[in-house]
Amino acid sequence: LEAANKADLCFIAVYPEHHSTLVELKPALAGKTLVDVSNSLRINQNGPSNAELLADYFPESSVVKGFNTISAWTLQMGPRDGGRQVFLCSNSQKAKNTVKAICHRMGFIPIDMGLLSSSLEIENLPLYLFPSWRLPLLCTLFLFIFFYLYNFFRDVLQPYVMEGKKAFYKMPIEVVNVTLPSVALVMLALVYLPGVFAAILQLWSGTKYNRFPNWLDRWLTSRKQLGLCSFLCAVLHAVYSLCLPLRKSARFKLVNMAYKQVKAGVDNSWEDEEVWRMELYLSVGIMALGLLCLLAVTSLPSVANTINWREFSFIQPLNFCLFDVLQSTLGYCALFMATAHTLLYGWNRAFDLSQYRFNMPPTFVLVLVLPFLVLLSRLALCVPCAAGWLRKVRRGWERSRHIRFTLPAEGCHNGLEDVSDV
Amino acid sequence: MGPLSLSRYIENIPIQLFPGWKGPVLAAVALSIFFFGYSFIRDIIHPYVQHKQSDFYKIPIEIVNHTLPTVAITLLALVYLAGQLAAAHQLYYGTKYKQFPHWLEGWLQSRKQLGLISFFLAAVHVLYSLCLPLRRSEKYLLLNAAYQQIHANMENSWNEEEVWRVEMYVSFGIMSFGLMSFLAITSIPSISNSLNWREFSFIQ
């Protein structure tokens, strides 16, 4: 009671369930600022936040919501990791300014979130656990398991069943090294596929003002996370491939081949086609990885503030950002390079019947379906008449509602230059 | 920044040189010297003294490639040992409000720097390991092994146990490096700012 009488500002550091026990201090706290630092145990979707409930208990005081996203460690040590932000909101500007001044003195950066109605959002902030990453990670896991089993059947099980060859040593590295690039390429294609769907949808309905279906909307918002998962798989594939010559199995195989070559009396085992195939696919693969690295770097928050992989031209066609155009071009180049890398790796194996073990096509054939679909549709949309239509639709033209302006030309029948569609 | 009393802090800013890194870097250097000396004595001095075998060519790459990962894994263990000691301290005194001893406080504060040095050394270890087959010494050893095998008329020198051992440890190594780079990425200030406390402590 003494503390409540003397102070102008009180930090209410009690659990939200026990806020009601402070009601007897109401007269002492009238006209003062109360800072609510409480956190809930689970995400509150609707219904009043703790700060709003506190404001109901103390109608005479101004309640400020803040400091609930800062850990005890940070409060004790001061902001270390590049400037910590504190989210504040309140109905009273004077109370908010007092708390902002305290923030600055402690070395934090206050972020004004508005009126007390934003307190629900602030209270939910520390409870989220990567909500936007759930779907992409699940997708990666599912694709990884599928491709790993497919490759295991083709490369390890089938030779064992048909010819009694024991190739189980391939499981930790070689099978994983065929799974990872498949997952990476399929996910990279999934990043650009929704863009193609959205463009086709807009052309089909003739307007850009129709909302996308729910699944397409969710897909479009998770493109950045899908791309980053794909990048992770691509980098791991590069590391695994670089580790292939290190292994004992590679060394044993090499020495065995040398022995066979000496016994067969062959003095030159150079195969030109094999040499060219490997040099080409390695080179294209490294370039694809370089482009993907560039793309990943541009998605760092400090490199590109709020710009993500969303194609800006959907939402605001008139002022599309040069940066987004660059990112989109880079992305398609990376997809093209990765597809070329896979094609060159496959070479002519798709046409070799002995590769179709148990009638299962080689993995790279399965993987190439989606990227081809994306690249060919993109090419189709670049064709002048389709591109022109799409540009018109995105500038606001609607098939059901457009107006034709014609200049009053006396007796002139070349109407085309005098007509504009709006 | 606040009132004028903070001016001393502001005046000290341009004179500082990595204040939080002194302890961790010293620890890393001390560990490196110890492990380098240990590997040197075991892998080079001992064969030289016992069998007159001159393996000094191993110093630049193989001995360094044994030092780097040992220091990296020791530093990584030290990062998490600090947390365990703090938990033991809290259990012993039965309260979380007693201050930790001075050395434990310093150790807890430098966990991020220790972890980042460990990641750096692990990355350099990866680079060294990937360069092992490029060397001339590797080529000569391989040719000599081929000659021996042909001379001994052995058609297949496959050793299943050796093969499995190498496959397993390389596979685990790559996976652990992937996870460590994940940890290192979340230490970048702009990324750790976009994570809330629950997400950050989940990853770390």
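Starting from 1, residues in each chain are numbered consecutively following that chain's sequence as written. In the order they appear in the text, chains get letters beginning with A and ligands get numbers beginning with 1. Selection of residues for local features in this predicted model requires a pLDDT of at least 70, selection of side-chain atom pairs for listing and counting requires 80 or more, and totals for whole chains, interfaces and linings are taken over all residues. Note that water and hydrogens are dropped before the side-chain values are worked out from all heavy atoms of the structure.

1. What to know about the packing of helix 3 (residues 59–93) of chain B against helix 5 (residues 111–130) of chain B
Residue and element names in this part refer to chain B. Simply put, an axis is a line fit to the C-alpha atoms, just over the touching stretch for a helix, and the angle between two N-to-C directions goes from 0 to 180 degrees. Only DSSP runs of H or I reaching four residues or more are called helices, and only runs of E reaching two or more are called strands; each is numbered from the N terminus. At a closest axis distance of 8 Å, the pairing of helix 3 and helix 5 adopts a crossing angle of 155°. Classified by the angle between their axes, helix 3 and helix 5 sit roughly antiparallel to one another. Helix 5 is crossed by helix 3, and the crossing has left-handed handedness. Its residues assigned to classes, the contact of helix 3 with helix 5 shows 17 nonpolar, six polar and one charged. Angle categories are assigned with fixed cut-offs, so that under 35 degrees is roughly parallel, over 145 is roughly antiparallel, 65 to 115 is roughly perpendicular, and the rest are oblique. Throughout, a crossing is termed right-handed when the near helix is turned clockwise from the far one, and left-handed when it is turned anticlockwise from it by less than a right angle. Under the scheme applied, nonpolar residues are Ala, Val, Leu, Ile, Met, Phe, Trp, Tyr, Cys and Pro; charged residues are Asp, Glu, Lys and Arg; polar residues are all the others, including Gly.

2. Here we look at the UniProt feature "transmembrane region" (unreviewed entry) in chain B
Residue and element names in this part refer to chain B. Feature annotation in UniProt assigns "transmembrane region" (unreviewed entry) to the following positions: residues 21–41, 71–93, 114–135 and 168–188. Overall, residues 21–41 shows 95% helix and 0% strand. The separation of its end C-alpha atoms is 30 Å. Secondary structure across residues 71–93 divides into 100% helix and 0% strand, with the first and last C-alpha atoms of the span separated by 33 Å. UniProt positions are given in the numbering used here, feature names are shortened, and annotations may be inferred rather than shown by experiment.

3. Some points on helix 2 (residues 22–51) of chain B
An α-helical turn contains 3.6 residues, so any two residues separated by three or four positions project in the same direction. Residue and element names in this part refer to chain B. The end-to-end C-alpha separation of helix 2 is 43 Å, in line with the 44 Å expected for 30 residues at 1.5 Å each. Bend is computed residue by residue as the angle between axes fitted to the seven residues ending at the residue and the seven residues starting at it. At Ile45, helix 2 shows its largest kink, close to 35°, and the proline Pro47 lies no more than four residues downstream. Accessible area is worked out with a 1.4 Å probe on protein chains only. A residue is then buried under 20% of its type maximum, exposed over 50%, and partly exposed in between. Listed in full, the buried residues belonging to helix 2 are Pro24, Ala28, Leu31, Phe35, Ser39, Ile44 and Pro47. Residues of helix 2 that are buried in the fold lie against helix 3 and helix 5. Just past helix 2, the residue Lys52 takes up positive phi, approximately 60°. Multiplying one less than the number of residues by 1.5 Å gives the expected span of a helix. The contact definition used throughout considers only heavy atoms, calling two residues in contact when any of these lie within 4.5 Å.

4. Comments concerning the UniProt feature "transmembrane region" (unreviewed entry) in chain A
The feature "transmembrane region" (unreviewed entry), as given by UniProt, occupies residues 135–153, 183–205, 226–247, 280–300, 321–344 and 364–390 of chain A in the numbering adopted here. Within residues 364–390 of chain A, the helical portion is 96% and the strand portion 0%, while the C-alpha atoms at the span's ends are 33 Å from each other.

5. Some words on the nonpolar core
Buried Ala, Val, Leu, Ile, Met, Phe, Trp, Tyr and Cys residues form a nonpolar core when they are joined through side-chain atoms within 4.5 Å. One finds Tyr192(A), Leu335(A) and Val374(A) to be the most contacted residues of the largest nonpolar core, which totals 51 residues. Put simply, the parts of the chain that give this core at least two residues each are helix 6 (134–163), helix 7 (171–205), helix 8 (214–221), helix 9 (223–243), helix 11 (272–298), helix 13 (322–346) and helix 14 (363–382) of chain A together with helix 7 (160–185) of chain B. Of all the elements, helix 7 of chain A adds the most residues to this core, at 17 residues. Among the nonpolar cores identified, the runner-up in size contains 22 residues, and Leu31(B), Ala86(B), Ile117(B) and Leu121(B) belong to it.

6. Some remarks on the UniProt feature "domain: Ferric oxidoreductase" (unreviewed entry) in chain B
With numbering aligned to this structure, UniProt lists the feature "domain: Ferric oxidoreductase" (unreviewed entry) at residues 70–203 of chain B. A helix fraction of 79% and a strand fraction of 0% characterise residues 70–203 of chain B, whose end C-alpha atoms lie 24 Å from each other.

7. What to know about a nonpolar patch on the surface
Residue and element names in this part refer to chain B. Patch construction takes residues with relative accessible area above 30% that form no salt bridge. Like charges are linked within 9 Å, and nonpolar side chains (Val, Leu, Ile, Met, Phe, Trp, Tyr) are linked within 5 Å. Accessible areas in this description were obtained via Shrake-Rupley with a 1.4 Å probe; residue shielding takes into account the shown protein chains only. By definition here, a salt bridge exists when the distance from a side-chain nitrogen of Lys or Arg to a carboxyl oxygen of Asp or Glu is within 4 Å. Where nonpolar side chains cluster on the molecular surface, the patch consists of Ile41, Ile45, Tyr48, Val49 and Phe56 and spans about 460 Å² of accessible area. Topologically, Ile45 is positioned in helix 2. For Ile45, a relative accessible area of 33% gives the class partly exposed.

8. Here we look at the side chain of Ser157(B)
Inspection of the secondary structure assignment puts Ser157(B) in the loop between helix 6 (136–151) and helix 7. Counting of polar contacts relies on pairs of N or O atoms within 3.5 Å, with two restrictions inside protein: one atom must be capable of donating a hydrogen and the other of accepting it, and residues adjacent in sequence are counted only when both atoms are side-chain atoms. At 3.1 Å, the side chain of Ser157(B) forms a polar contact with the side chain of Gln149(B). Sequence-distant contacts of Ser157(B), defined by excluding residues within four places in its chain, comprise Phe252(A), Asn256(A) and Gln149(B).

9. Remarks on the pairing of strand 2 (residues 33–36) of chain A
Residues and elements named next belong to chain A. Taking every second residue as pointing to the same face, both faces of strand 2 are buried, with Thr33 and Val35 on one and Leu34 and Asp36 on the other. Two strands pair under a simple rule: DSSP has to find at least two bridges between them. Alignment of strand 1 (residues 9–12) against strand 2, held across four bridges, turns out to be parallel. Following the sheet pairing, Ile12 is matched in strand 2 by Asp36. Strand direction decides the pairing type here: strand 2 and strand 3 (residues 62–65), joined by four bridges, are parallel. Looking at the pairing, Thr33 lines up with Ser62 of strand 3. Place the viewer so that the strands point away; then a crossover is right-handed whenever the path from the first strand over the helix to the second strand goes clockwise. What joins strand 2 to strand 3 is helix 2 (residues 50–57), and the crossover it makes is right-handed.

10. A few points about the interface of chain B and chain A
Where interface size is quoted, it is often the accessible area lost as the parts come together. Facing 51 residues of chain B, the contacting portion of chain A comprises 45 residues. In total, about 4,500 Å² of surface goes out of reach between chain B and chain A, with carbon and sulfur atoms giving 66% of it. Its largest share of buried area at the contact with chain A, chain B owes to Trp158(B), Glu167(B) and Ile174(B), together 14% of the area lost on that side. Where chain B packs against chain A, one counts three salt bridges. Between Lys248(A) and Glu162(B) there is a salt bridge; the shortest N-O distance is 2.7 Å. Our count for the contact surface shared by chain B and chain A stands at 11 residue pairs in polar contact (both at pLDDT 80 or more). Looking at the side of chain B that touches chain A, the elements with two or more residues in it are helix 4 (102–109), helix 5, helix 6, helix 7, helix 8 (189–193) and helix 9 (197–203) of chain B. Among the elements that take part in the side of chain B that touches chain A, helix 7 of chain B stands out by supplying 12 residues, more than any other. In short, buried area is how much 1.4 Å probe accessible area vanishes from two parts on joining, totalled over both.

11. Concerning the packing of aromatic side chains
The pairing test for Phe, Tyr and Trp rings, Trp by its six-membered ring, is centres within 6.5 Å, and the orientation test on the planes gives stacked under 30 degrees, edge-to-face over 60, and tilted for anything in between. The final tally for this structure, using the stated rule, is 20 aromatic pairs over all chains. Judged by centre distance (6.5 Å) and plane angle (10°), the rings of Phe36(B) and Phe40(B) are stacked. With a gap of four residues between them, Phe36(B) and Phe40(B) both fall in helix 2, about one helical turn apart. Counting every residue linked through ring pairs, the aromatic cluster contains Phe146(A), Phe147(A) and Tyr150(A). Comment: the charge-over-ring label is applied if NZ (Lys) or CZ (Arg) is within 6 Å of the ring centre and within 35 degrees of the ring normal. A cation over a ring is seen here: Arg349(A) above Tyr345(A), with NZ or CZ 5.6 Å from the ring centre. Against the face of Tyr93(B) rests Lys98(B), its NZ or CZ located 4.7 Å from the ring centre.

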